[in-house]
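Understanding the architecture of this molecule
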Amino acid sequence: MQDPRSRALAAMDGHHLHGEEQRVAVSREAASVAVDTCMVAAAVTGASLLAWWSVAFHPSNSRLWMVPVGLVLACTPAVVCLALTCSAEPCIAGGVRGAEAASAKTALFAVVVEK
């Protein structure tokens, strides 16, 4: 018997997956969520570090190391996402991407795995 999550994933794809294909689809979805979560966590950590420095240490100009560390943490996820999106397969005549033609949105995880 299929669990509700896997049935929902199969229904969203428009076809039923069986056995190994279903396991791979669920693990790819979990990996995609993990990549997105890590990128958001890094950006939020960097922004929080900058905000903390701004409130607590900016008036005295102390602990200046927090500024570049915060900027790197806050900006790196956006740069990585942009770089991976731009380095994906180029669009061909009909505006369709090669192997990803069936999906409307190329997941960041799929780009990372394919590279």
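Described in the following lines is the structure provided in the data block. Residue numbers here run from 1 along each chain, matching the order of that chain's written sequence. Two thresholds apply to this predicted model, a pLDDT of at least 70 for residue-level local features and 80 or more for giving and counting side-chain atom pairs, whereas whole-chain, interface and lining totals are computed over all residues. The side-chain values count all of the structure's non-hydrogen atoms but skip hydrogen atoms and water molecules.

Quick look at the packing of aromatic side chains now. Between 30 and 60 degrees the pair is tilted, below 30 it is stacked and above 60 it is edge-to-face, where a pair is any two Phe, Tyr or Trp rings, Trp via its six-membered ring, whose centres lie within 6.5 Å. Within the structure shown, the criterion is met by 1 aromatic pair. A centroid spacing of 5.6 Å and a plane angle of 65° characterise the contact between Trp 52 and Phe 57, whose relative ring orientation is edge-to-face. Take Trp 52: its relative accessible area is 46%, and that puts it in the partly exposed class. Buried means the residue's accessible area, taken with a 1.4 Å probe over protein chains only, is under 20% of the maximum for its type, while exposed means over 50%, and partly exposed covers the values in between.

What follows concerns helix H3 (residues 66–86). Under the 1.5 Å per step criterion, the end-to-end length of H3 is 30 Å for 21 residues, consistent within 8% with the ideal 30 Å. A maximum bend of about 35° is found in H3 at Cys 75, where proline Pro 77 lies one to four positions downstream. Helix numbering and strand numbering both begin at the N terminus, where a helix is a DSSP run of H or I of at least 4 residues and a strand a DSSP run of E of at least 2. Restricting attention to buried positions, one finds in H3 the residues Met 66, Gly 70, Pro 77 and Leu 84. Any helix carries an expected span of 1.5 Å times its number of residues minus one. Throughout, the bend at a residue refers to the angle made by two axes, fitted to the seven residues ending there and to the seven starting there.

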